[in-house]
Amino acid sequence: MNLSDMKPNQSAVITEIDSSAKNARRLYDLGFVKGQRVRCTDIAMSGSPIAYEVQKTKIALRKNDAMRVGVSL
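Since this is a predicted model, take the numbers as computed values, not measurements. (Residues numbered from 1 in each chain as written. Predicted model: local features only at pLDDT ≥ 70, side-chain atom pairs only at ≥ 80, totals over all residues. Heavy atoms only, no water.)

Novice: Help me understand the packing of aromatic side chains in this model?
Specialist: Describing an aromatic ring pair means giving the distance of the ring centres and the angle of the ring planes. Following the criterion strictly, the structure yields 1 aromatic pair and no others. Ring geometry for Phe32 against Tyr52: centres 6.4 Å apart, planes inclined by 90 degrees, an arrangement best described as edge-to-face. One end of the pair, Phe32, is in the loop between α1 (24-29) and β2 (37-43); the other, Tyr52, is in strand β3 (residues 50-54), and 20 residues separate them in sequence. Both residues of the pair, Phe32 and Tyr52, count as buried. (Phe/Tyr/Trp six-rings, centres within 6.5 Å; stacked < 30°, edge-to-face > 60°. Helix = DSSP H or I, 4+ residues; strand = E, 2+ residues; numbered from the N terminus. Buried < 20%, exposed > 50% of the residue type's maximum accessible area, 1.4 Å probe, protein only.)

Structure below.
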């Protein structure tokens, strides 16, 4: 499962980040690291962007970027 599969108010733990993604370093800097708990808070009507809460911060990611982060419920 990945971040983009999560539903609003659903929580999960990050299990992996596709390190080949061109913005992998940016995801790490934003707090998306292995073992970190993340919660989906909002999804745009169009399906992208999707807002997540990680380390007490709300961050919106494009669905394309969220697909590169694996999670476990």
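Novice: Could you clarify how one ought to interpret the nonpolar core in this entry?
Specialist: Nonpolar side chains in soluble globular proteins tend to end up buried together. Leu3, Met6, Phe32, Val38 and Tyr52 are the most contacted members of the largest nonpolar core, which totals 18 residues. Breaking this core down by element, the ones donating at least two residues are β1 (11-17), α1, β2, β3, β4 (57-61) and β5 (69-72). (Core = buried A, V, L, I, M, F, W, Y, C linked by side-chain atoms within 4.5 Å.)

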